[in-house]
Structures are given as structure tokens and as C-alpha cells.
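Analysis of the macromolecular model
One letter stands for each residue in the lines below.
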Amino acid sequence: MVQARMGSTRLPGKVLRDLEGRSVLGWVIRAAREAGALDDLVVATTSEPGDDAVAAECGRLGVACHRGPVDDVLTRFVGALEGRRWDAVMRFTADCPMLDPAVIREAALVFRAVPGLDYLSTSLARTLPRGLDVEIAGRAALARAHQEATGFHRTHVTSYIYEHPGDARLLGLAYRPAGDDLRVTLDTEDDWRLISAVAAELGDRCVPVRTLVSWLRERPDVRGLNAHVRQKALQDA
């Protein structure tokens, strides 16, 4: 499930910006599809009129779209699950166009291989660049979060699960060489400058994480474009 909306605080309209001839949302959808590991794909956007454009883009991309509350994204996800026989949900955000299908596929395979797992993520102990992370939540864990979570946990969908695990079984994936100091998510104009530079150089394609990290290591001029940008804290986003 991809959460997407036009009303970003720091960079409105970012999910539909054109990146080498394809919308940012389109890059995310392509990566998810190329992984070849997902049974279904849904974009969860809001019921606000401003997100009619997101719904229209979903139609153009041939992907299902569910619309729900603006800030209560957890309710939006649970609503999208109604009528779908999913045992677990892989969560994406539409501002991460550089996702690696191989990481998506590995996460799905590991989750399926571990019986009784409630939550899997590449960011429990971050080693990937920000913007390449993948997470999966079991349906029962999401249901518990929906029943119990309040405040910012409802905005972040999965944060209640890993901050209040209880008896839940959590698993983290780590990658080497580490690239956790790098940032390829889209939240500011400087993020856009970096992502645009990557796409212009490496092309309109899904880039393997090692290739991306190696290229950024060799290009301090590019990786420095957004090195000063700080991710919002959970309670502030």
C-alpha cells in the first residue's frame, strides 16, 4: 500500500512532480511492481478535493486507489484493507522514488519465511539511505494499532507497532555497505535537486541500492545537496 497526498507541508504536490518523464508516484509504483513479490497494490490517498489529481494518476497508472482521512492515515490503511484478503501490508510512501525492487522482494520473502512475524523493517536499525526503506506489518498487528494508537501514531501507521511491541515479533534487515548517512527521500527542494541529479545521470530506471550508494559516494557535490536536511521527528511530521 502506497500512501500519497498532494498536501505536503514542506513540498506541496511533490508526489506528482515529473521526474524524467514519469511522476514521482509512478516511480514508486514501478519499483513495487518490478519486485514481483506483491499480490496486490493500492494507493491510499485522502478524500480532499486536492487529491483528485492523485486518484487520476492512479487511474493512468492502472493501480487501485482508496480515499480516506487526511491525518489519520492508519484509518485510511484499515479502510483500504476492507474487502481485501491480505494477511500483511507492505507500506510505501509516495515520496521515495528511488526504491530498489530487490530490497522489496527480499523483505517480502523473509516475512513469508518467518512464521508468526508481526513486523519487519529495514529501519529498525537503519543501514539503507533514507528513502529506500521497506516495512511490512501483519494484519493483526495493524488491527491492534488501529484499536489502541492515538496522536502521531495514527499519522505514521506503523510506529505504534514498533514502539509498543508487547508480544509482537519484530525483525530488522540490515544491508552492507551502510548508507544510512545518505538521503534520497523527497521532502524539500534540496531533496528534489539531489533526486533529479540521480535520475538525470542514472536514467529512468530502478537503480540497485549498491549502485546508488556507490555513485553518491563518488559524487560529493551531489550528496551534499541535501546533507543539511533533517528528517522531522515522528511527533512533528
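Check the entry above for the structure.
Residues numbered from 1 in each chain as written. Predicted model: local features only at pLDDT ≥ 70, side-chain atom pairs only at ≥ 80, totals over all residues. Heavy atoms only, no water.

Quick look at the overall build of the chain
Along the chain, the regular secondary structure elements total ten helices and nine strands. Computed over the C-alpha atoms, the radius of gyration of the chain is 17 Å, within 12% of the 18 Å expected from 2.2 N^0.38 for a compact globule of 237 residues. On the principal axes, the C-alpha backbone points of the chain span a range of 45 × 40 × 35 Å. Burial status across the chain gives 49% buried among its 237 residues. Once local pairs closer than 6 in sequence are excluded, the contacts in the chain between residues at least 24 apart make up 69%. (Helix = DSSP H or I, 4+ residues; strand = E, 2+ residues; numbered from the N terminus. Rg over C-alpha atoms; globule rule 2.2 N^0.38 Å. Buried < 20%, exposed > 50% of the residue type's maximum accessible area, 1.4 Å probe, protein only. Contact = heavy atoms within 4.5 Å.)

Some thoughts on the nonpolar core
Ranked by internal contacts, the top residues of the largest apolar core, which has 56 residues, are V2, L25, V43, M98 and L212. Here this core gets seven residues from one element, more than from any other, and that element is helix α1 (residues 24-34). With sequence-adjacent residues up to four places away left out, L25 is seen in contact with V2, A4, V15, L16, V43, V54, E57, C58, L61 and A94. One finds M1, V89, Y119 and I161 within the second-largest nonpolar core, a separate group that totals 19 residues. (Core = buried A, V, L, I, M, F, W, Y, C linked by side-chain atoms within 4.5 Å.)

Quick look at helix α8 (residues 189-202)
Taking 1.5 Å as the rise per residue, α8 with 14 residues should run 20 Å; its terminal C-alpha atoms sit 20 Å apart, in good agreement. Those residues of α8 that sit buried are D191, W192, L194, I195, V198, A199 and L202. Summarising the axial view, the buried residues of α8 lie within an arc of 165 degrees, below the 170-degree limit, and thus occupy one face. Next to the buried residues of α8 lie β2 (18-19), α1, α9 (209-218) and α10 (220-223). G203, located one to two residues past α8, shows a positive phi value of around 95 degrees. (Expected span 1.5 Å × (residues − 1). Arc of directions from axis to C-beta.)

A closer look at the pairing of strand β6 (residues 88-93)
As defined by bridge partners, strand β1 (residues 2-3) adjoins β6 across two bridges and the pair is classed as parallel. Looking at the pairing, V2 lines up with F92 of β6. (Pairing = 2+ DSSP bridges.)

Some remarks on the sheet that holds strand β7 (residues 119-121)
The sheet built from seven strands is open, its strands ordered β5-β4-β1-β6-β8-β7-β9 with mixed pairing. Edge positions in the sheet fall to β5 (64-68) and β9 (170-172), since each has one partner strand and no second. In terms of strand pairing, strand β4 (residues 42-46) meets β5 through five bridges, oriented parallel. Across the sheet, V42 pairs through a bridge with A64, a residue of β5. Relative to the sheet, helix α3 (residues 73-81) contacts β1, β4, β5 and β6, its axis offset from that of β4 by approximately 135 degrees. (Axes fitted to C-alpha atoms, helices over the stretch in contact; angles between N-to-C directions.)

Observations concerning the side chain of Q3
Within the fold, Q3 resides in strand β1. In contact with Q3, not counting residues within four places along its chain, are A44, V73, R76, F77, R91, F92, T93, A94, T155 and V157.

Keep in mind these numbers describe shape, not what the thing actually does.
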